Amino acid sequence: MENRKCVRCLMREMAEQAGEYINLQQYLDQIDAQERTPEELYENRLSTCKECDMLLAGMCRHCGCYVELRAAVEKQSCPVRKW
Ligand code: SF4
């Protein structure tokens, strides 16, 4: 795979970010089940991010967070209220 940043990609889609994604997955696995976003809602949130101009290589340029982390906590929201 080419070594370039993928606009509108999630961490899980970028092979060159594999190490960071493993860390991200470990963090996701530690989220308390009561705080965790239900799977269908989580995927809907990530789909919205993938259509958003503010997504760059898994990171939201509005808030600077990895969207896969932010979206995984149910009480969190998009900084511009897209979800
Ligand atoms: S969190 Fe909101 S602003 Fe950021 S990439 Fe996702 S949809 Fe866009």
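This report concerns the structure included in the present document. (Residues numbered from 1 in each chain as written. Predicted model: local features only at pLDDT ≥ 70, side-chain atom pairs only at ≥ 80, totals over all residues.)

Attention shifts here to the environment of R12. Looking at where R12 falls in the secondary structure, it is placed in the segment before helix 1 (18-30). Excluding anything up to four places from it in sequence, R12 contacts Y21 and E68. (Helix = DSSP H or I, 4+ residues; strand = E, 2+ residues; numbered from the N terminus. Contact = placed C-beta atoms within 7 Å.)

Let's shift gears to the nonpolar core. Among the nonpolar cores identified, the biggest contains 9 residues, and these are L10, M11, Y21, C49, L55, M59, Y66, V67 and A71. Aside from chain neighbours lying at most four places away, what touches L55 is R8, C49, K50, C60 and V67. (Core = buried A, V, L, I, M, F, W, Y, C linked by C-beta atoms within 7 Å. Buried ≥ 20, exposed ≤ 12 C-beta atoms within 10 Å, placed from the backbone.)

The next thing to look at is unusual backbone geometry. At A57, a position not held by glycine, the phi torsion is positive, near 50°. Structurally, A57 is set in the loop between strand 1 (55-56) and strand 2 (59-60). The backbone phi angle of R81 is positive, close to 60°, even though this residue is not glycine. Mapped onto the elements of the fold, R81 is located in the segment after helix 3 (67-70).

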